[in-house]
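Per-entry structural report
Residue strings, one per chain:
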Amino acid sequence: MAVKYKFPEGFWWGSATSATQIEGAAHEGGKGMNIWDYWYKQEPNRFFDEVGPETTSDFYHLYKDDIARMKEIGHTTFRFSISWARLIPGGSGDVNEEAVSFYNRVIDELIDQEIEPFINLFHFDMPLEMQEMGGWESREVVEYYVTYAKQAFNLFGDRVKKWFTFNEPIVPVEGGYLYDFHYPNVVDASRAIQVAYNTMIASAKAIKTFRSTDIHEGQIGIILNLTPSYPRSEHPADLKAANACDLFFNRSFLDPAVLGKFPQGLIALLEEHGHLPETKEGDESLLNENTVDLLGVNYYQPRRVKAKEHLPNPYGPFMPDWFFDPYEMPGRKMNKYRGWEIYEKGIYDIMVNLKENYGNIPSFISENGMGVQDEERFIEDGRIEDDYRIDFIKGHLRWLNKAIQEGCNAKGYHLWSFMDNWSWMNAYKNRYGFFSVDLETKERKPKKSAYFIKEVAEKNGF
Ligand code: BG6
């Protein structure tokens, strides 16, 4: 078959994962506790089917076979994260040699199989002791994180050339400090804003540290979940709502990461409501001088918003939702197995925005994927026939391809995820992998989409 959508030479084909979601061995190999291990012990009933983070696909023991599978389906790149609590139990102090050995083996195996490792330093999994010191609200924790980052660069930077400081830093803010779906289950916008701010300071400090080591060839970036904010209409009130939503959920991280400063509109809005975070002397130049080399874009669905129907109670707690209401656009296409909108063109809009307003920063799709509940119902002759996922990937790749044709600087595409994995409060509710995993036997089986992506990677298009 002729290739209609061809990608630039050397395009990265791969997938993304995170430590807590795939490693297992939660209490093995000298690993310390993170907030997920802890929260699950406290409140198992808050997790889907009461399944916690020790029940995973066990990549910790099965990594070698998994990497062979990645090779088999044409991966050229693979993103995983280091568990801070595994590398440095407690978050500070000595490095755990068993963890060093594990991550070394993973990296070496990937390189042997000609798959480039992309390492992310933080995917929602704060070591418990660091959380007890105040988590991202604390500047001391920021310093411990920078020390951890430096250790990781020194240990693995001779072989790893793509680093990321954070995955979706807004999620711990929303989950942990605004909407109660991550530990520590605080609902307080002031604290949320401080957490967001300190996270960006931590990211800039880690970037600065990276550049001050001897590792010169590598690139360092951040991974952000960008959700284009579409207004219900062109009415000024709807446009204003979409702009506020964009400031809170995209630009609060995108601007400091890429442009080195927070957007003026956001500062003005927070100032007006008395919610500016605490800052320190030198922060401004730190952010300014340490922007990213590379941007990972996670894209699942857009946000559609409209002007608020009822004015918020000015005496009630300040929330981003004061400025917009969600809008359920009639006729929008849905992933009915997860309840998220599917809007393929969003990927193109993000890329064009990066080109026009963010200096066409080198970027890649670091997560895109389709979660499906009860996926076993699609088994035929022992294999999950996930044609819906193939359509989903194709739809997004077509728009990504168009963006590249128009000069956008997209370097690759990673699916979330390589295999079905444990996901925070949702545990195994929504399945995302190219491979299914039997949670009892740990057996992996390729879904139809695994064969599809193999062909795409081989032809560098479809
Ligand atoms: C992404 C996260 O935003 O969503 C992943 O980076 C997560 O860690 C994924 O697993 C899917 O989430 P859910 O809630 O559908 O399982």
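Residues numbered from 1 in each chain as written. Predicted model: local features only at pLDDT ≥ 70, side-chain atom pairs only at ≥ 80, totals over all residues.

Scanning the protein chain from N- to C-terminus turns up 15 helices and 19 strands. Computed over its C-alpha atoms, the radius of gyration of the protein chain comes to 21 Å, within 12% of the 23 Å expected for a compact globule of 462 residues. With respect to the principal axes defined by its C-alpha atoms, the protein chain has extents near 60 × 55 × 45 Å. Here the protein chain holds 462 residues, and the buried ones make up 49% of them. Of the contacts made within the protein chain by residues no fewer than 6 positions apart, 77% connect residues no fewer than 24 positions apart. (Helix = DSSP H or I, 4+ residues; strand = E, 2+ residues; numbered from the N terminus. Rg over C-alpha atoms; globule rule 2.2 N^0.38 Å. Buried ≥ 20, exposed ≤ 12 C-beta atoms within 10 Å, placed from the backbone. Contact = placed C-beta atoms within 7 Å.)

All right, on to the site of the ligand then. In the region of the ligand, the neighbouring residues are S18, N167, E168, N225, N298, E367, G371, W416, S423, N426 and N430. A breakdown of the residues in the shell around the ligand according to their chemical character gives 1 nonpolar, 8 polar and 2 charged. (Near = placed C-beta within 6 Å. Nonpolar A, V, L, I, M, F, W, Y, C, P; charged D, E, K, R; others polar.)

The strand order around the closed barrel built from 8 strands is β1-β2-β3-β4-β5-β7-β12-β16, with neighbouring strands paired in parallel fashion. Between one strand and the next, the sheet's axes are offset by a mean angle of 30°, whatever the strand orientation. Pairing of strand β5 (residues 219–225) with strand β7 (residues 294–298) involves 5 bridges; the strand directions are parallel. Directly across from I223, in β7, lies its bridge partner G296. (Pairing = 2+ DSSP bridges. Axes fitted to C-alpha atoms, helices over the stretch in contact; angles between N-to-C directions.)

Bringing the packing of helix α7 (residues 139–156) against helix α9 (residues 189–212) into the picture now. The contact between α7 and α9 brings their axes to 9 Å, and the two run at 35°. Between α7 and α9 lies a crossing of right-handed hand. Contact with α7, carried on its side by R139, V142, Y145, V146, A149, K150 and F153, involves N198, I201, A202, K205, A206, T209 and F210 of α9 and no other residues of that element. Per-class residue counts for the contact of α7 with α9 are 9 nonpolar, 2 polar and 3 charged. (Left-handed = near helix turned anticlockwise from the far one by under 90°.)

Let us now look at the sheet that holds strand β8 (residues 303–306). The 3 strands are arranged β6-β8-β9 in an open sheet whose pairing can be described as mixed. In this open sheet, the two edge strands, each paired with only one partner strand, are β6 (229–231) and β9 (325–326). Across 3 bridges, the pairing between β6 and β8 is parallel. The residue of β8 that forms the bridge with S229 is R303. Its contacts with the sheet put helix α10 (residues 236–259) on β6 and β8, and the angle it makes with β6 is roughly 170°.

Let us look at the pairing of β8. As paired elements, β8 and β9 share 2 bridges and run antiparallel to each other. Bridge assignment links K306 to a residue of β9, and that residue is D325.

A word on the UniProt feature "active site" (unreviewed entry) in the protein chain. UniProt's entry tags E367 with the feature "active site" (unreviewed entry), counted in the numbering of this structure. Mapped onto the elements of the fold, E367 is located in strand β12 (residues 363–367). (UniProt positions renumbered as here; feature names shortened; annotations may be inferred.)

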